[in-house]
Amino acid sequence: MNNFTVSVDADGVATFLFDVRGRTMNTFTDSAVADIDAIIAKIRDDASIKGAILASGKSNGFCAGADLGELGETAGGQAEGPAREAALPATSRMSRALRALETVGKPVAAAIEGIALGGGFEFALAAHYRVASTRAKVGLPEVTIGLLPGAGGTQRVPRLAGVPAALDLMLTGAPVDAEKAKAIGIVDEVVEPGQALAAAKAWIMNGGEGVQPWDRKGYVMPDGPYSETGSAGFILTPAKIMAKSYGNYPAQKNIARCVYEGFNLPMDSALRVEARLFLDTQQSPQARAMIRSLFLSKQALAKGGARPKDVPTYTVKKAAVLGAGMMGAGIAYAQARVGIDTVLIDVAQAGADKGKGYSETLVAKAVAKGAMSQAAADELVGRITATTDYDAIKGADLVVEAVFEDRALKADVTKRAEAQIGPDAVFASNTSTLPITGLSEAAERPANFIGIHFFSPVDRMELVEIIVGKTTSQETLAKALDYCKQLKKVPIVVNDSRGFFTSRVFDTYIREGLEMLIEGIAPAIIDNVGRMTGMPRGPLELLDDVAIDLVDRVAGQRRIDLNLPAPVAGDTDKFLIDMVGQERWGRKNGKGVYDYPQGEPKRLWAGLAEMYPVKISESSPELVEHLKQRLLYRQAVEAARCMDENVVTAARDADVGAILGWGFAPWTGGPISLIDSVGVAEFTAACEALAAQYGERFEPPALVKTMAGKGERFYPAPKPLAA
């Protein structure tokens, strides 16, 4: 075996330790799946073995799941007929191996320390008994990358936990801790860390049997479709899926189908149902796009995939944050959380203290939940020095400026802070819209100046947008990426431009919603369709969330910088000005496109119809599809322009940045993946038709037109399925 070691003790208990060489975490590669056959043969044929334990040889967890690099290569090929049929034996290989493991005839226990996710947990589910330590987390997260559990998970979990609990686990993809896993029946015993192996052996020695419940005569699934709770689960599940995802994710529908179609079948037949639906799902464009962007590309960027080579690793030990507002406070917490000594500066001590209080609130919540000790909480908060004194910055390896979006103010704090730091320190601006090259003019060392755009709330948002100015050195870029890696963030790298990438493309979603409003489409239709595209919220809702006065202020600065004329009636900028003039700033003051009565659901502002009378108040399938196309394609064509203008140089940065930055429809894999899925030529033709109808904002850039003419795509095509 290449990925497992085996030892047999004096009591005849064999322990198989999963330990993939050269990897920090165990994953199921083709090689590891092949080893399962050897494990089965060893258990079955060695007469000295009375029982077996499956455990990890790594200290950080049991198994993280399947190797998605291998699986993703053939995903999304949309193979049909004989090609798909011929591939079934290969794609169901692990499922068949695990079925052979659970019918080997001797007791098998799984000892889970740390995480057991996806295929890793399906491996454990094939054991007859599962012991998990209190630090374990288990789950089936395949749906989050466009797949379904394909190695028996959709059949074993319902038979252990019942239909409602199983569907909840698989349709959300959220892992659960050991106690929750035991409560729903997918783990049999919970022990203290380090005790799982001993408990697994004790079960075997105390008469544990090598037969699964579903292989016993008279077995009845708990909470099955004909029970009161199970029937309700089946009836409501399709409605729940549509309400949350609007049918954009084939994996969710196919998970429900696996459970429903397999519940009353013998396990072998049920696994064949799962195998076919797994392959159907894996061959969907959504699966390919999600595997690539949400796993492979995201993981590569988090590891520093865009980092310039030949620059020594840079470790930030002390950092300063200028501005203790919500953003600055969040950055300070993110730094202190990973052990960076942080100076948090504000114009008034009360403001600086309030910023530090944000961290105090977060750690207090963590302590209350048992997720952090009081000592660790005190240590984290103790790393933050709240002050108004710029002398405290001395010795900082990096400074992050997070003050108000005003050029003069940013220039002032840049000069004051830069006077306190050494020649090798990095100075970063957290601006979301102002060009970095212009801001760097206030710096004495513009080569050390870079944009590091965080997203709010910083403690929860994974993405960081790194903006390289015209004077930014490659060494500074490398240092900024090392800093992001320290913070455990996912960075994308973009070149300097107004709005950079994320703010620029996100703005088009809101603006297209406003264009629809000005045209006379009912606001409720606009926001409902926005959610139907897979966006987290409608464009008008998001405008309120971001703040109308903020969007107006950014637009006003753009008009000044570019010497643009004042907006006129029918312009989206004029809408913003009119709303601000009526002090309708959005959710933050309870008055925007919506009203936010205290203690009541939000409702559309009645005055909106007076500003822009509704001309289209009834929807239709054709209208919905057209509006969905406008909202998605408007963002995608702007993302393509960013690539055409060299603002973004890699498709993966655009896709990961869009999904993590503003929630661009994850089922698409991102705006560039969407173009590939539609087909570059088809997308180009559709945008040209939209441009003819609505204006040049939809006009595809030269890059896309050229690619369309050559039959090119942004990403490699899927590999054919192998039999």
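Structure report, in brief. (Residues numbered from 1 in each chain as written. Predicted model: local features only at pLDDT ≥ 70, side-chain atom pairs only at ≥ 80, totals over all residues. Heavy atoms only, no water.)

## Some words on the nonpolar core
Piece 1. Core analysis: the biggest nonpolar cluster contains 98 residues, and Leu322, Ile393, Phe501 and Phe575 have the highest contact counts within it.
Piece 2. At 12 residues, the largest contribution of residues to this core is made by helix α26 (residues 621-644).
Piece 3. Excluding its chain neighbours within four sequence positions, the residues that come into contact with Leu322 are Ile345, Tyr390, Ile393, Val399, Val400, Glu401, Ala402, Val403, Val413, Ala417 and Phe427.
Piece 4. Counting 76 residues, the second-largest nonpolar core is a separate cluster that includes Phe4, Phe62, Ile186 and Val190. (Core = buried A, V, L, I, M, F, W, Y, C linked by side-chain atoms within 4.5 Å. Buried < 20%, exposed > 50% of the residue type's maximum accessible area, 1.4 Å probe, protein only. Helix = DSSP H or I, 4+ residues; strand = E, 2+ residues; numbered from the N terminus. Contact = heavy atoms within 4.5 Å.)

## Focus on the packing of helix α29 (residues 680-694) against helix α30 (residues 702-710)
Relative orientation and spacing of two packed helices are given, respectively, by the angle between their axes and the distance between those axes.
Piece 1. The N-to-C vectors of α29 and α30 enclose an angle of 130°; their axes lie 8 Å apart at closest approach. With respect to α30, the axis of α29 lies oblique. In terms of crossing hand, the pair formed by α29 and α30 is left-handed. Seen from α29, the contacting residues are Val680, Ala681, Phe683, Thr684 and Glu688; seen from α30, they are Val704, Lys705, Met707 and Ala708.
Piece 2. Split by residue class, the contact of α29 with α30 holds six nonpolar, one polar and two charged. (Axes fitted to C-alpha atoms, helices over the stretch in contact; angles between N-to-C directions. Parallel < 35°, antiparallel > 145°, perpendicular 65-115°, else oblique. Left-handed = near helix turned anticlockwise from the far one by under 90°. Nonpolar A, V, L, I, M, F, W, Y, C, P; charged D, E, K, R; others polar.)

## A look at the sheet that holds strand β1 (residues 4-8)
Piece 1. Read from one edge of the open sheet, six strands run β1-β2-β3-β5-β7-β10, paired in mixed fashion. Of all the strands in the sheet, the pair left with one neighbour each is β1 and β10 (189-191). Averaged over all pairs of adjacent strands, the angle between their axes in this sheet comes to 20°, without regard to strand direction.
Piece 2. Bridging between strand β2 (residues 13-18) and strand β3 (residues 51-56) involves six bridges; their strand directions are parallel. For Phe16, the partnering residue across the bridge sits in β3 and is Leu54. (Pairing = 2+ DSSP bridges.)

## Describing the packing of helix α15 (residues 349-368) against helix α16 (residues 374-382)
Piece 1. Remark: α15 packs on α16, axes separated minimally by 10 Å, with the N-to-C direction vectors making an angle of 170°. Looking at the two axes, α15 sits roughly antiparallel to α16. Of the two elements, α15 crosses α16, and the hand of that crossing is right-handed. Contacts between α15 and α16 involve Lys356, Ser359, Glu360, Val363 and Val367 on the former and, on the latter, Gln374, Ala377, Leu380 and Val381.
Piece 2. A per-class count over the contact of α15 with α16 returns five nonpolar, two polar and two charged.

## So, the pairing of strand β17 (residues 463-468)
Piece 1. Along β17, six of the six residues are buried, which leaves the element largely enclosed by surrounding structure.
Piece 2. Burial along β17 is two-sided: the face carrying Leu463, Glu465 and Ile467 and the face carrying Val464, Ile466 and Val468 are both buried.
Piece 3. As judged from the four bridges shared by strand β16 (residues 449-454) and β17, these two strands associate in the antiparallel manner. Counted as the bridge partner of His453 is Glu465 from β17.
Piece 4. Judged from the six bridges that link them, β17 and strand β18 (residues 490-495) form a sheet pairing that is parallel. Bridge pairing in β18 links Ile467 to Val494.
Piece 5. The parallel pair β17 and β18 is bridged by helix α19 (residues 474-486), and the resulting crossover is right-handed. (Right-handed = clockwise from strand over helix to strand, strands pointing away.)

## A closer look at the packing of aromatic side chains
Piece 1. Counting across every chain of the model gives 15 aromatic pairs.
Piece 2. Aromatic pair Phe18 and Phe28: ring centres 4.9 Å apart, planes at 40°, arrangement tilted. Pair noted here: Phe18 is in strand β2 and Phe28 is in the loop between β2 and α1 (30-45), with a separation of 10 residues, a long-range link.
Piece 3. Residue classification places Phe28 among the buried residues on the basis of a relative accessible area of 4%.
Piece 4. Note on Phe501 and Trp662: the rings are 6.0 Å apart at their centroids and 50° apart in plane angle, and the pair reads as tilted. (Phe/Tyr/Trp six-rings, centres within 6.5 Å; stacked < 30°, edge-to-face > 60°.)

## Some details on the pattern of salt bridges
Piece 1. As enumerated under the stated definition, the model contains 50 salt bridges in all.
Piece 2. In this structure, the salt-bridge partner of Glu405 is Lys410, at a minimum N-O distance of 3.1 Å.
Piece 3. Taking relative accessible area as the criterion, Glu405 reaches 23% and is therefore assigned partly exposed.
Piece 4. Taking the shortest distance from any N to any O, the salt bridge between Arg634 and Glu638 comes out at 2.9 Å. Here Arg634 pairs with Glu638, and both are found in helix α26, just four residues apart, close to one helical turn.
Piece 5. Here Arg634 falls in the buried class, since its relative accessible area comes to 10%.
Piece 6. Under the relative-accessibility criterion, Glu638 is labelled buried at 9%.
Piece 7. If you follow the salt bridges from partner to partner, you end up with Arg99, Glu102, Arg156, Asp215 and Asp268 in one network. (Salt bridge = Lys/Arg side-chain N within 4 Å of Asp/Glu carboxyl O.)

## Regarding helix α11 (residues 250-262)
Piece 1. When the terminal C-alpha atoms of α11 are compared, their 18 Å separation across 13 residues agrees well with the 18 Å that a helix rising 1.5 Å per residue should span.
Piece 2. For α11, the full list of buried residues reads Ala251, Gln252, Asn254, Ile255, Ala256, Cys258, Val259 and Gly262.
Piece 3. In this fold, the buried residues of α11 make contact with α6 (153-161), α7 (163-172), α10 (228-245) and α12 (267-282). (Expected span 1.5 Å × (residues − 1).)

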